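The residues making up each chain are set out below.
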There are 2 protein chains.
Amino acid sequence: MTGWIVIAGLGPGNDALVTPEAQDALDQATDIVGYIPYVERVQPRDGLTLHPSDNRVELDRSRHALEMASQGKRVVVVSSGDPGVFAMAAAVLEAVEHGDPKWRDLDIRILPGITAMLAASAACGAPLGHDFCTINLSDNMKPWAIIEKRLQLAAQADFAMAFYNPRSKSRPEGFEKALALLQRECNDARPIIFARNVSRPDQTIKIVPLNEATPDMADMRTVVILGSSRTRIIARAGAPLVYTPRSIPE
Amino acid sequence: MTGWIVIAGLGPGNDALVTPEAQDALDQATDIVGYIPYVERVQPRDGLTLHPSDNRVELDRSRHALEMASQGKRVVVVSSGDPGVFAMAAAVLEAVEHGDPKWRDLDIRILPGITAMLAASAACGAPLGHDFCTINLSDNMKPWAIIEKRLQLAAQADFAMAFYNPRSKSRPEGFEKALALLQRECNDARPIIFARNVSRPDQTIKIVPLNEATPDMADMRTVVILGSSRTRIIARAGAPLVYTPRSIPE
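What you see is a predicted model, and the numbers here were worked out from it, not measured in a lab. (Residues numbered from 1 in each chain as written. Chains lettered and ligands numbered in written order. Predicted model: local features only at pLDDT ≥ 70, side-chain atom pairs only at ≥ 80, totals over all residues. Heavy atoms only, no water.)

Caption draft 1: Molecular detail of the relation of the copies chain A and chain B. When chain A is fitted onto chain B, the two copies agree to an RMSD of 0.0 Å after a turn of 180 degrees and an axial shift of 0.0 Å. Taken together, the rotation and translation describe the operation of a two-fold axis. When C-alpha positions in chain A are compared against the rotation axis, the closest is assigned to A:Cys133, at 1.9 Å. A share of 100% of interface residues in chain A that are also interface residues in chain B marks the association as one of identical surfaces. (Least-squares fit on C-alpha atoms with pLDDT ≥ 70 in both. Contact = heavy atoms within 4.5 Å.)

Put into C-alpha cells, the structure is as follows:
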C-alpha cells in the first residue's frame, strides 16, 4: 500500500458544506487524525482508525500523521473550516520542514474547505464583498503588539475585517483591547457581526453598530466580521442584510 | 409556488469542490441566472430554465433574478468561487437596497463556496496560514489610488496577500504598477504564487521570488498570492511547498 497524507477542511460544522473532494478522501482513508470534535464528525467504519487528540498539540499530531503516512497508511488530518486558514495545513508543513527528511517525499495534498468567515458572511449578506483582511486575534503564538499594529493599519486601509479566535476564556482581555482600538480608530457606527456556531443548528448572528459592541459578545466559538466604512445594512421585516458595495466612487 | 432567490458559489471550477448545499439548491431551482461560463457548469434538465448573461451586467442580472423570484420562481444566481468574495452576492444586495421595496421581503439566501484563493493556497501548501488580506486589483469600480494605499498599508502590516482580477487585457498596466510597488515596499525575495485555472485540469502553479516576478505572469484567470516576510518554501523532489508559519516569536 502506498501511503499518503491529506489535510482536509470539513467546513464550519454543517455536513452540507463538506466538499465531495474532502468526503472522498475520508472514504479512502485508513487513519483519521485531528482535534477531538473534528474527528467526531467522521463516520466510523471497518478499516478506519480514528486518532482524536486534544487542542494545542498540533505539531505532535502532525508528526504522528506524517509517520503513519510514511509507513504506508492513507491518513487524513481533519481541520475545521479551511485547513489553510489558522488550521492544520501550516502545522503539518512546519513538521515537514523541520522533521524527518523522508517526509518531504510523501504524497501530501491539502484540500480546501469553507472557512468560518465565508459561512458567517453568507449568513448575514456580503460584508466581505470588497477588499478585506483576516486576522487571528489569539496572542498564543504572536506578540500582542503585532496584532495592534495590524488592526491599526487595517483600519487605515479601510478593509472589512474578519477575526478568528477572538476571545479565549483564559485571556479574555485581548478582545477587549482589540475592540477598544477599533472603536477609537474607526470612530463610527459601522456594522460589526458576531457569528457564533456558524452553519450549525444553534447558529446565532448578532449585528450591532461598532460603537455599541461590547467584548462579551464574542467567545472562541464566534467569528467576528467588522464592516468597512462603506458597509451597508438593509433593514427589512426579517433579519437585516449586511453588505459592502463593490464600488468606491472616484 | 413560493419563490426564493439563492446566490450560490460553485467553487473555482472542479465539480468536486461544489458543496452539497449548493448542489441541492441547483436541484430545486426553476431558473439559473449568471455569467455565461458559470451557467454552463449547471446540468440542463426538464423544468429548469437557464439565463446566461455577459460579464459586466451584474446589476441587470440581479434585478432580473429578483423579479423572477418575486413572481414565484426558485432562482439560483450562480457565482464562481464564493459569492461573497468579489462576486454576485454584493451585486444582488445592491439591487435589493436600491430596487423595488417588495424585493426586501423575498426569501434570500447566500450559500458559501470555495473561493479561488483558498484553492490556490491549498494547491501549493498554506501561504495564507497566518494573517492575510484579500484585494481586488481591478480599478473598474474603485480609484487606483485606493488600491495603491491598501497595498502599501498591507505591506507595512506584513500581511500575506491574495489578489483577484490582477490583470485585464484592456488595462494590463495596473498589475505592472502594483507589482513594482510591492517589490519596492517589501524589497525581498519572499515567494509570490501565480495560480492559473486553479482546480481545473489545466491548472498551473508558478512560484517565484517576488524580486524576480514579472507582470506577464498574471492574467484574469490567475489568482496571485504574495507571502508575508515570514513565508517559507520547502524544497523537495516534487513541486515545492509554500507555507506561512503559525507563530511569530516575541
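On we go.
Caption draft 2: The arrangement of the packing of helix 6 (residues 144–156) of chain B against helix 7 (residues 173–186) of chain B in detail. All names here are of chain B. Contact geometry for helix 6 and helix 7: axes closest at 10 Å, N-to-C directions at 25 degrees. The pairing of helix 6 with helix 7 is recorded here as roughly parallel in orientation. Helix 6 and helix 7 meet at a crossing whose hand is right-handed. In this structure, helix 6 contributes Trp144, Glu148, Leu151, Gln152 and Ala155 to the contact, and helix 7 contributes Gly174, Lys177, Ala178, Leu181, Leu182, Glu185 and Cys186. Class assignment of the residues belonging to the contact of helix 6 with helix 7 gives a composition of seven nonpolar, two polar and three charged. (Axes fitted to C-alpha atoms, helices over the stretch in contact; angles between N-to-C directions. Helix = DSSP H or I, 4+ residues; strand = E, 2+ residues; numbered from the N terminus. Parallel < 35°, antiparallel > 145°, perpendicular 65-115°, else oblique. Left-handed = near helix turned anticlockwise from the far one by under 90°. Nonpolar A, V, L, I, M, F, W, Y, C, P; charged D, E, K, R; others polar.)

Caption draft 3: Representation of the pattern of salt bridges. Using the criterion set out here, one finds 27 salt bridges over all chains in the structure. Notably, a salt bridge pairs A:Arg232 with B:Glu97, separated by 2.3 Å at the nearest N-O pair. With A:Arg232 in strand 12 (residues 232–234) and B:Glu97 in helix 4 (residues 88–98), this residue pair bridges two chains. Judged by relative accessible area, A:Arg232 falls into the partly exposed class, the value being 38%. A residue is classified by how much of its surface remains accessible, and B:Glu97, at 12% relative accessible area, is buried. A salt bridge links B:Lys102 to B:Asp100, with the shortest nitrogen-to-oxygen separation between them at 2.8 Å. Classification of B:Lys102 by relative accessible area gives partly exposed; the value is 40%. One network of salt bridges, with partners in common, ties together A:Glu58, A:Glu94 and B:Arg246. (Salt bridge = Lys/Arg side-chain N within 4 Å of Asp/Glu carboxyl O. Buried < 20%, exposed > 50% of the residue type's maximum accessible area, 1.4 Å probe, protein only.)

Caption draft 4: Fine view of the state of the cysteines. All names here are of chain A. A full pass over the atoms with the stated rule returns zero disulfides over all chains. No disulfide involves Cys124; its sulfur sits 16 Å from that of Cys133, the nearest cysteine. Cys124 gets classed as buried once you look at its relative accessible area, which sits at 2%. Free cysteine Cys186: the closest other cysteine sulfur is in Cys133, separated by 10 Å. (Disulfide = S-S within 2.5 Å.)

Caption draft 5: Main features of helix 4 of chain B. With ten of eleven residues buried, helix 4 of chain B is to be regarded as a mostly interior element. Those residues of helix 4 of chain B that fall on the buried side of the exposure criterion are B:Met88, B:Ala89, B:Ala90, B:Ala91, B:Val92, B:Leu93, B:Glu94, B:Ala95, B:Val96 and B:Glu97.

Caption draft 6: Inspection of the nonpolar core at higher detail. The biggest cluster of nonpolar side chains holds 56 residues, and the ones touching the most others in it are A:Leu151 and B:Leu151. Residue contacts for A:Leu151: discarding those within four places in its chain leaves A:Ile135, A:Leu137, A:Met161, A:Phe163, A:Ala178, A:Leu181 and A:Leu182. (Core = buried A, V, L, I, M, F, W, Y, C linked by side-chain atoms within 4.5 Å.)

Caption draft 7: Structural view of the sheet that holds strand 3 (residues 49–53) of chain A. All names here are of chain A. In spatial order, the strands read 3-2-4-1-5; together these five strands make up an open sheet with parallel pairing. A strand with exactly one partner marks an edge of an open sheet, and here the two such strands are strand 3 and strand 5 (107–111). The average angle at which neighbouring strand axes cross in this sheet is 15 degrees, direction not considered. The sheet contact formed by strand 1 (residues 4–9) and strand 4 (residues 74–79) spans six bridges and is parallel. Note on strand 4: the bridge partner recorded for Ile7 is Val77. Here helix 1 (residues 20–28) sits on the sheet and contacts strand 1, strand 2 (31–35), strand 4 and strand 5; the angle it forms with strand 1, its principal contact strand, is near 140 degrees. Against the sheet, helix 4 (residues 88–98) touches strand 1, strand 4 and strand 5, its axis set at about 155 degrees to strand 1. (Pairing = 2+ DSSP bridges.)

Caption draft 8: Layout of the environment of A:Arg190. Residue and element names in this part refer to chain A. You can see Arg190 is positioned in the loop between helix 7 (173–186) and strand 9 (191–196). Classification of Arg190 as buried rests on a relative accessible area of 8%. Considered as a pair, Arg190 and Arg171 are 19 residues apart in the sequence and their alpha carbons are 26 Å apart. Those residues within four positions of Arg190 in sequence are excluded, and the remaining contacts are Asp158, Val208, Pro209, Leu210, Leu226, Gly227, Ser228 and Ser229. Separated by 2.9 Å, the side chains of Arg190 and Asp188 make a polar contact. (Polar contact = N/O pair within 3.5 Å; in protein donor to acceptor, adjacent residues only side chain to side chain.)

Caption draft 9: Just the domain arrangement of chain A, in detail. Residues and elements named next belong to chain A. Each assigned domain of chain A is listed here: domain 1 (4–114) and domain 2 (117–243). Just the C-alpha atoms count here: the centres of domain 1 and domain 2 sit 28 Å apart. Residue-level contacts link eight residues of domain 1 with ten residues of domain 2. Across the domain 1/domain 2 interface, buried area totals approximately 770 Å², and carbon plus sulfur atoms make up 60% of it. Counting every contact that joins domain 1 to domain 2 gives zero salt bridges. Our count for the contact surface shared by domain 1 and domain 2 stands at one residue pair in polar contact (both at pLDDT 80 or more). Of the residues belonging to the side of domain 1 that touches domain 2, the class tally is five nonpolar, two polar and one charged. (Domains from an automatic or database assignment. Buried area = accessible area lost by both parts, 1.4 Å probe.)

Caption draft 10: A look at the interface of chain A and chain B. Across the contact, 72 residues belong to chain A and 72 residues belong to chain B. Overall, the association of chain A and chain B removes approximately 6200 Å² of surface from exposure, summing both partners, and the carbon and sulfur fraction of that is 61%. Area buried by chain A at its contact with chain B is led by A:Met141, A:Arg150 and A:Arg246, which between them contribute 13% of it. For the pair chain A and chain B, the interface holds ten salt bridges. The shortest N-O distance in the salt bridge between A:Asp131 and B:Lys142 comes to 2.4 Å. In this structure, the connection of chain A to chain B is made through 34 residue pairs in polar contact (both at pLDDT 80 or more). Here the side of chain A that touches chain B gets eight residues from one element, more than from any other, and that element is helix 4 of chain A. For the side of chain A that touches chain B, a count of residues per class yields 41 nonpolar, 14 polar and 17 charged. In this sheet, strand 7 (residues 132–136) of chain B lies alongside strand 7 (residues 132–136) of chain A in antiparallel orientation, the contact comprising three bridges. Residue pairing in the sheet places A:Cys133 in a bridge with B:Cys133 of strand 7 of chain B.

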